[in-house]
Every structure is written in structure tokens, then in C-alpha cells.
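Residue-level structural notes
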Amino acid sequence: MSVGLLWLGFTLLGALHTQAQSSTPRLLRAPPLYRIPLQPNFQADQFQGKWYVVGVAGNAIKEEQDQFKMYTSNYELKEDGSYNVTSTRLRDERCDYWIRTFVPSSRPGQFTLGNIRSYPGIRSYTVRVVNTDYNQFAIVYFKKTQRRQGYFKTTLYGRTKELTPEVKENFINFAKSLGLTDDHIVFPVPIDRCIDDQ
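Quick look at the structure, then. (Residues numbered from 1 in each chain as written. Predicted model: local features only at pLDDT ≥ 70, side-chain atom pairs only at ≥ 80, totals over all residues. Heavy atoms only, no water.)

**A closer look at the overall build of the protein chain**
Along the backbone of the protein chain there are 3 helices and 9 strands. Going from N to C terminus, the protein chain has its helices and strands arranged as α-α-β-β-β-β-β-β-β-β-α-β. By the burial criterion, 39% of the 198 residues in the protein chain qualify as buried. In the protein chain, the share of contacts with a sequence separation of at least 24, taken over all contacts with a separation of at least 6, comes to 57%. Here the protein chain has roughly 12,000 Å² of accessible surface; of this, 52% comes from carbon and sulfur atoms. (Helix = DSSP H or I, 4+ residues; strand = E, 2+ residues; numbered from the N terminus. Buried < 20%, exposed > 50% of the residue type's maximum accessible area, 1.4 Å probe, protein only. Contact = heavy atoms within 4.5 Å. Areas by Shrake-Rupley, 256 points an atom, 1.4 Å probe, with all protein chains shown as cover.)

**Thoughts on the packing of aromatic side chains**
In this structure the tally under the stated criterion is 17 aromatic pairs. Here the aromatic rings of Phe47 and Tyr75 are separated by 5.1 Å at their centres, their planes lie at 80°, and the arrangement is edge-to-face. Here the residue Phe47 occupies a position in helix H2 (residues 44–47), and Tyr75 occupies one in strand E2 (residues 72–77), the gap between them amounting to 28 residues. Here Phe47 falls in the buried class, since its relative accessible area comes to 1%. The class for Tyr75 is buried, based on a relative accessible area of 3%. Grouping aromatic residues by their ring pairs yields a cluster made of Phe42, Phe47, Trp51, Tyr75, Tyr83, Phe102, Phe111, Tyr125, Tyr134, Phe142 and Tyr157. One residue, Arg89, lies across the ring of Phe68, its end atom 5.5 Å from the ring centre. Above the face of the Tyr151 ring, Lys144 is positioned so that its terminal group lies 5.7 Å from the ring centre. (Phe/Tyr/Trp six-rings, centres within 6.5 Å; stacked < 30°, edge-to-face > 60°. Lys NZ or Arg CZ within 6 Å of the ring centre and 35° of its normal.)

**Looking at the layout of surface pockets**
Each pocket or cavity is described by its volume, and for the largest pocket that value is around 810 Å³. Tyr71, Trp98, Tyr125, Lys144 and Lys153 are the residues nearest the centre of the largest pocket, which is lined by 29 residues in total. Counting residues per element, the lining of the largest pocket draws most heavily on strand E8 (residues 149–158), at 5 residues. Residue composition of the lining of the largest pocket, by class: 15 nonpolar, 6 polar and 8 charged. (1 Å grid on protein atoms, 1.4 Å probe; cavity = no way out; pocket = protein on both sides within 12 Å on 5 of 7 lines; lining within 4 Å. Points joined across faces, edges and corners; volume = space filled by probe spheres on them. Nonpolar A, V, L, I, M, F, W, Y, C, P; charged D, E, K, R; others polar.)

See below:
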């Protein structure tokens, strides 16, 4: 009888292990950086200013579309060519701000996260401006490696909260070219609080 109980225990343990593995979603692998377009003749001074986050697509998108609220990122160009980026979001009924520095690389329009050592667990962080007309929209690609996991997302920025259907369609097509599906793409709900205070 004890052998039977031992066998039952191993069987249950194996089933639990299999269930735990299947409940941990595997992230879609990030495409190599050379496959990500880069805005030709990037103009850093024209890119600066306030951008609304109109769309987000990524391999770790979890929130339902109706719960994902619009936020902003304000790019302030510094003399050394880097940007101070202040993002503003409504979180738990209060305005939440976070500031990062994006340092230019040798390729105009591509940046790395400044002072990366102050972000525990992040081993690399790349930002790449894929496409922009500077006045209405921008598509930006972000890739980070954190604790041996590779995360990537692409963001559709707008100078206003609404963009044309054509621009949104281009964003969706770009996201899908990265291997993302409709489940990975979110268009945040426009709000006024916090994001219009800047």
C-alpha cells in the first residue's frame, strides 16, 4: 500500500509541475535589432515635446483594452543629444511620474537607457524610432533584457489623442510584422486627468 501512495504522490507532483509550467506564459522572442527599421535622417530637435501614447503592442501586454488608460511621454532634448523622458500616467486615482534618460547611440534615432545600473535586473535597454513625421505620429520600438527575459514593445505616439485610421493600421501592421497578434495590441482609453496637466 505504501508503494501505491508513493506512486500516487509522484503522479500528483508531476501533474502539478506540468500545470505550473503551462500556466507560465512563454514570451514571444524579440526580433533581432537589424530587422527593426530606423527613421532616416532622424531630427532630434523635432522629435522632442509631448507625445500621447495612442497604441501599445508587446510580448508582455496583459491588461484588457478597456482598463489600459492613455498616458504621455515628454521628450526634452538636452545639450549632449540625450533626452530626459518624463512619462505621466493616472494610477490608483493619482498622477504618477517617472523620468528616464535616453542616451543616443552611434545611429541617429537609436538610444540606450542612461544610468542603467540604477535599474536592478535590467541588463540592456534599447529605444529605436522606427517612423515619424514629427508633427502627428511616431512609432517607437523598445527592447529590454531583464533577469534573463527578453521584453519588447512598440508604441504609437500621437501629438494629439486621436490619429487617423491609416496611421493606426500602419502601427498594427508593424506590430504584426514583429510576430505579435491582436491579443498583444492595445489602444489605451483616452483620459484627461494628469496627462493634460503638463
